[in-house]
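Overview (structure and organization)
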Number of protein chains: 2
Amino acid sequence: MAELDRVIHEPVRLRVMACLDTLEPKDEVDFVYLRDLLEVTDGNLGAHLQKLEEAGYISVKKRFVGRKPKTLISATRKGRAAFGEHVEGLRRIIEGGEAGKGS
Amino acid sequence: MAELDRVIHEPVRLRVMACLDTLEPKDEVDFVYLRDLLEVTDGNLGAHLQKLEEAGYISVKKRFVGRKPKTLISATRKGRAAFGEHVEGLRRIIEGGEAGKGS
């Protein structure tokens, strides 16, 4: 059976990866922007980002912009590849009508 | 934010619903067939079917076919509708590139 990546599959993390995947390779998105886009709490988003970071799917950097600290997030090459495979797996399930069976 | 249905989103349950959704309205699928298709254990599939049944998304009937008891599963109208909405939500996320934002 084609596997879905449980790290990515969780709804908030799926949205995070979908958002990051649309960016150019070196572009980053601000934590606050992501939090407001996804309508989640700081704590919730933070916990999900940690899981994605632990899997090596995203890079999280803290940087001062003027006197303001910002948390900037981007997808890693590994993360983009994993997201692409996950989307393929989802497509097979929802379009294939064969429950995601690999063969 | 467009909501994903967490009852359906779980990978095994997503596959179960995708499989049942391909059937004609009155058709049923056998528990053993589904278990083998999804490559899960009896216990695992049973637990996921119970969640789907509690949500009113599937109907589970036990029936004797000859001397053999069979467990037959079908999607309810409510289950098909919920699955359809869920698939739409997933599509918005993976194709829209806007993290599933509703507006």
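As a reminder, the structure under discussion sits directly above these lines.
**With respect to the environment of Arg6(B)**
Position of Arg6(B) among the secondary structure elements: in helix H1 (residues 6-9). Measuring from C-alpha to C-alpha, the distance between Arg6(B) and His86(B) comes to 9.3 Å, with 80 residues separating the pair along the chain. Residues contacting Arg6(B), with those up to four places away along its chain left out, are Glu10(A), Pro11(A), Val12(A) and Arg13(B). A distance of 3.0 Å separates a polar atom in the side chain of Arg6(B) from a polar atom in the side chain of Glu10(A).

**Section: helix H4 (residues 42-54) of chain B**
Residues and elements named next belong to chain B. Its 13 residues give H4 an end-to-end C-alpha distance of 18 Å, which sits within 8% of 18 Å, the value for a rise of 1.5 Å per residue. Three or more residues of H4 are buried, namely Leu-45, His-48, Leu-49 and Leu-52. Seen end-on, H4 carries its buried residues on one side only, within an arc spanning 100°. With respect to the buried face of H4, the exposed residues turned more than 90 degrees away are Gly-43 and Glu-54. Looking at the packing, one finds that the buried side of H4 touches H1, helix H2 (11-21), helix H3 (31-38), strand E2 (58-65) and strand E3 (68-75). Phi turns positive, to about 80°, at Gly-56, one or two residues after H4.

How each quantity is defined
Residues numbered from 1 in each chain as written. Chains lettered and ligands numbered in written order. Predicted model: local features only at pLDDT ≥ 70, side-chain atom pairs only at ≥ 80, totals over all residues. Heavy atoms only, no water. Helix = DSSP H or I, 4+ residues; strand = E, 2+ residues; numbered from the N terminus. Contact = heavy atoms within 4.5 Å. Polar contact = N/O pair within 3.5 Å; in protein donor to acceptor, adjacent residues only side chain to side chain. Expected span 1.5 Å × (residues − 1). Buried < 20%, exposed > 50% of the residue type's maximum accessible area, 1.4 Å probe, protein only. Arc of directions from axis to C-beta.

That's the geometry; what it means functionally is another story.
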